[in-house]
Amino acid sequence: MAPRPNRSKSVRRWAPLGLLVVLALGAWNRAQAADVDEARLDPIEYDAQLVTPILSPRRIPQTLQAPLAADALRPEIDAVVSASPPDTCLVVLNDGRALEDRSGDRSLVPASNQKLVTTWAALDVFGPESTFRTTVLADSVPVEGVVNGNLYLVGGGDPFLATDNWWAQYTDQDGRARTRLEDLADAVVAAGVRSVSGALIGDESAFDSQRTGPWAERLIESRQAGPLSALSVNQNFTSWPAVYDGTFRPRVPSLDPPADAARVFGDLLAARGVVVGQVATGVAASSAVELAAVTSPPLSDVITHINSYSDNFGAEMLLKHIGRQVRGVGSTVAGAEAVTELAFGADLPMAGVVIADGSGLSEANLTSCRFYAALLENAGEQSPLVQSLSIGGERGSLVERWVGTPVAGHVFAKTGTLNDVSALSGVVDSLADDETALVFS
C-alpha cells in the first residue's frame with residue numbers, strides 16, 4: 001500500500017466515507033438471508049443483549065473524522081461501547097496504524113468470519129489459479145464403445161460440482177463458482193463410451209468419510225452444510241426447493257454421498273445413451289485409465305463464492321484439501337492443524353486463537369478482532385482474499401447494504417452470524433485514488 005501523502009487532508013477525505021460506512025454497518029448484526037449461518041432460525045435466549053450495534057453511527061472511530069470532531073465524538077464511542085456486552089471488540093487499521101482498538105485481543109467466537117482464515121490458508125497452500133479435477137477412470141479403454149469392467153467417478157474435492165437444476169435455484173448468480181457435471185458426462189461420451197459391462201463406482205477416497213465438522217446438532221439439523229465427501233454433487237443434497245429463499249431446512253441430505261453422486265452421474269450418462277450397470281462405491285483400481293475429466297474454476301473464483309455467499313460446505317471442503325496437502329490426511333482435524341500452523345508461520349497475532357473447522361459453524365473456534373484485522377492488512381486491498389469478499393450494494397451477503405450511497409462498491413467484508421455472535425471484518429477502499437484502505441473487524 002502506498003504511504004499517505006497528507007494526514008490531515010486524508011482524514012478530511014475519509015470523513016464522509018467513514019460516516020456512510022459506519023451508518024451502513026449499523027445493520028450488520030441483523031440476520032442476513034444471504035449469510036448461511038442460520039442458527040438464528042431457532043434462537044437460544046442469552047442474558048447479554050447487544051444494546052447498540054457494534055459499528056453503529058455512534059461508534060464511528062474518531063480518527064475517521066476531521067480533528068475538530070474528535071473530541072465531540074469520543075464520549076459517544078465510550079458511552080456506546082460501555083453499554084455493550086463485555087465481550088465486544090472493535091479494531092480499525094489504516095496503513096498499519098491502529099485508528100481504533102477496543103479489546104482487539106479478546107478471544108471470541110468468530111462465526112463465519114472463520115472463512116477468512118480458511119480461504120487465506122487455501123490461497124497460501126494452493127495459489128489463486130489452482131483448480132480441482134473430477135475424473136472418470138475405467139478398467140479398460142473402450143473397444144467399439146464398450147468398457148469391459150468398471151467405470152469410476154473419482155472425486156477431487158470440488159465443492160461446487162453440480163447439475164444445472166441445482167444452480168437454477170439461485171436468482172443471484174454473481175460471484176458463484178460452478179462446475180457442470182453435465183460437462184463431465186459429455187466428455188465420457190466424447191471418449192467413445194457407449195456401454196459399461198461393470199458397475200459405476202463412486203470413489204471418495206481423497207478425503208476421510210467424516211460427514212460433518214465439530215458442530216452443534218441444531219446446525220446439522222438445519223442443513224447448514226451438506227454431508228462432506230471428496231466426491232460431492234449438488235453439495236450432497238438429494239432434493240431441494242426450486243427457488244432458494246434463504247433457508248436450507250427443506251433440503252434433504254444424502255445418506256451415502258459417493259453412491260448418490262454416482263447415481264446422478266449415471267442418470268446423465270443414460271440420458272446421453274450410455275448403458276451403465278449398477279451403482280456402487282469403492283476405490284478405483286490402480287491400473288484404471290483416465291477417460292475424462294472436468295476442472296473447477298480457479299481457486300480465486302471458488303473462494304469468492306465461499307466468502308461472498310458464506311458457503312459453509314465450500315469452506316469445509318477447502319479445509320480438508322489443506323489437511324490432505326499439508327498433513328497428508330483429508331480431514332477436518334488435519335486441516336485445522338495445518339491452518340493453525342500456517343497462521344503461526346505468518347506471524348499473525350495468535351493469542352487465544354483456536355481453529356476447529358473451516359466454516360465457523362463450530363462454536364469451539366476462537367479468534368480476535370486484532371487477528372482478522374492483521375490478516376486482512378497483510379493480504380492487502382487488491383489481494384484475491386479481499387477481492388473475494390461480499391461487496392456492499394453489489395454482491396453476496398451485503399448486496400442490499402450501501403445501495404445508492406457513495407460507498408456502494410467500496411466495502412468488501414465478511415459477515416458472520418450465530419445465536420450469540422455478530423461479526424463483520426473487511427476493507428473499505430478509498431474514494432480518492434491516492435489514499436490507502438481502512439481495515440476493520
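Scroll up to find the structure this text is about.
Read on for a plain summary of the structure.

Things to note about the packing of helix α3 (residues 114–126) against helix α10 (residues 332–345)
Each packed pair of helices is defined by two parameters, the angle between the axes and the distance between the axes.
Working step 1: Two numbers describe how α3 lies on α10: the axes approach to 10 Å, and their chain directions differ by 80°. One element, α3, and the other, α10, form an angle in the roughly perpendicular class. Note on element contacts: α10 touches α3 through Val-339, Leu-342 and Ala-343, opposite Val-117, Trp-120, Ala-121, Asp-124 and Val-125.
Working step 2: Residues belonging to the contact of α3 with α10 are distributed by class as follows: seven nonpolar, no polar and one charged.

Brief notes about the environment of Asp-203
Working step 1: Mapping Asp-203 onto the fold places it in strand β9 (residues 200–203).
Working step 2: For Asp-203, a relative accessible area of 3% corresponds to the buried category.
Working step 3: In the structure, Asp-203 is positioned 50 residues away from Leu-153 in sequence and 6.0 Å away in space, judged by C-alpha atoms.
Working step 4: Excluding residues that lie within four positions of it along the chain, Asp-203 makes contacts with Leu-153, Val-154, Gly-155, Leu-231, Gly-282, Val-283 and Ala-284.
Working step 5: A distance of 2.9 Å separates a polar atom in the side chain of Asp-203 from the backbone nitrogen of Ala-284.

Focus on the environment of Gly-213
Working step 1: Position of Gly-213 among the secondary structure elements: in the loop between β9 and α6 (217–221).
Working step 2: On the basis of relative accessibility, which here comes to 10%, the residue Gly-213 falls in the buried class.
Working step 3: Along the chain, Gly-213 and Val-333 lie 120 residues apart, while their C-alpha atoms are 8.8 Å from each other.

Structural notes on the packing of aromatic side chains
Working step 1: Taken as a whole, this structure holds seven aromatic pairs when the rule is applied.
Working step 2: Judged by centre distance (6.3 Å) and plane angle (45°), the rings of Trp-167 and Tyr-170 are tilted.
Working step 3: Ring plane angle 20° and centroid distance 5.3 Å describe the contact between Tyr-244 and Phe-248, whose orientation is recorded as stacked. You'll find Tyr-244 and Phe-248 in the same group, each marked buried.

Observations concerning the nonpolar core
Working step 1: Counting 53 residues, the largest nonpolar core has Trp-120, Leu-299, Leu-348, Phe-371, Leu-375 and Leu-376 as its most contacted members.
Working step 2: Among the elements that make up this core, the one with the highest residue count is helix α11 (residues 369–379) (seven residues).
Working step 3: If we skip the residues at most four places from it in the chain, Trp-120 touches Leu-342, Ala-343, Ala-346, Leu-348, Leu-375 and Leu-385.
Working step 4: Counting 24 residues, the second-largest nonpolar core is a separate cluster that includes Leu-200, Val-233, Ala-261 and Val-274.

As for the sheet that holds strand β1 (residues 90–94)
Working step 1: With antiparallel pairing, the six strands of this open sheet are ordered in space as β2-β1-β17-β16-β15-β14. A strand with exactly one partner marks an edge of an open sheet, and here the two such strands are β2 (97–102) and β14 (390–391).
Working step 2: Two elements, β1 and β2, share five bridges in a ladder whose sense is antiparallel. Bridge assignment links Val-92 to a residue of β2, and that residue is Glu-100.

Concerning helix α8 (residues 299–308)
Working step 1: In terms of burial, α8 is a largely internal element, nine of the ten residues being buried.
Working step 2: When we look at burial in α8, the residues that qualify are Leu-299, Ser-300, Val-302, Ile-303, Thr-304, His-305, Ile-306, Asn-307 and Ser-308.
Working step 3: Buried residues along α8 sit in contact with α3, α4 (164–167), α9 (312–327), α12 (384–387), β14 and β15 (411–418).

Observations regarding the packing of α3 against α9
Working step 1: Running from N to C, α3 and α9 cross one another at 40°; their axes reach a closest spacing of 10 Å. One way to sum up the angle between α3 and α9 is to call them oblique. Judged by the sense of rotation from one axis to the other, the crossing of α3 with α9 is left-handed. In this structure, α3 contributes Lys-115, Thr-118, Thr-119, Ala-121, Ala-122, Val-125 and Phe-126 to the contact, and α9 contributes Asn-312, Ala-315, Leu-318, Leu-319, His-321, Ile-322, Gln-325 and Val-326.
Working step 2: Considered class by class, the residues forming the contact of α3 with α9 number nine nonpolar, five polar and one charged.

A look at α11
Every α-helical turn comprises 3.6 residues, leaving residues that sit three or four positions apart pointing alike.
Working step 1: Counting buried positions along α11 yields eight of eleven residues, so the element is predominantly enclosed.
Working step 2: When α11 is considered as a whole, its buried residues turn out to be Cys-369, Phe-371, Tyr-372, Ala-373, Ala-374, Leu-375, Leu-376 and Glu-377.
Working step 3: Positive phi appears at Gly-380, one or two residues downstream of α11, with a value of about 100°.

Overview of the sheet that holds strand β12 (residues 279–281)
Within a beta sheet, neighbouring strands are joined by backbone hydrogen bonds and run either parallel or antiparallel to one another.
Working step 1: Pairing is mixed in the open sheet, where five strands are placed in the order β12-β9-β5-β3-β13. Bordering the open sheet on either side are β12 and β13 (289–295), each of which pairs with just one other strand. Looking at each pair of strands side by side, their axes are set apart by 20° on average, direction ignored.

Reading guide: rules and limits
Residues numbered from 1 in each chain as written. Predicted model: local features only at pLDDT ≥ 70, side-chain atom pairs only at ≥ 80, totals over all residues. Heavy atoms only, no water. Axes fitted to C-alpha atoms, helices over the stretch in contact; angles between N-to-C directions. Helix = DSSP H or I, 4+ residues; strand = E, 2+ residues; numbered from the N terminus. Parallel < 35°, antiparallel > 145°, perpendicular 65-115°, else oblique. Contact = heavy atoms within 4.5 Å. Nonpolar A, V, L, I, M, F, W, Y, C, P; charged D, E, K, R; others polar. Buried < 20%, exposed > 50% of the residue type's maximum accessible area, 1.4 Å probe, protein only. Polar contact = N/O pair within 3.5 Å; in protein donor to acceptor, adjacent residues only side chain to side chain. Phe/Tyr/Trp six-rings, centres within 6.5 Å; stacked < 30°, edge-to-face > 60°. Core = buried A, V, L, I, M, F, W, Y, C linked by side-chain atoms within 4.5 Å. Pairing = 2+ DSSP bridges. Left-handed = near helix turned anticlockwise from the far one by under 90°.

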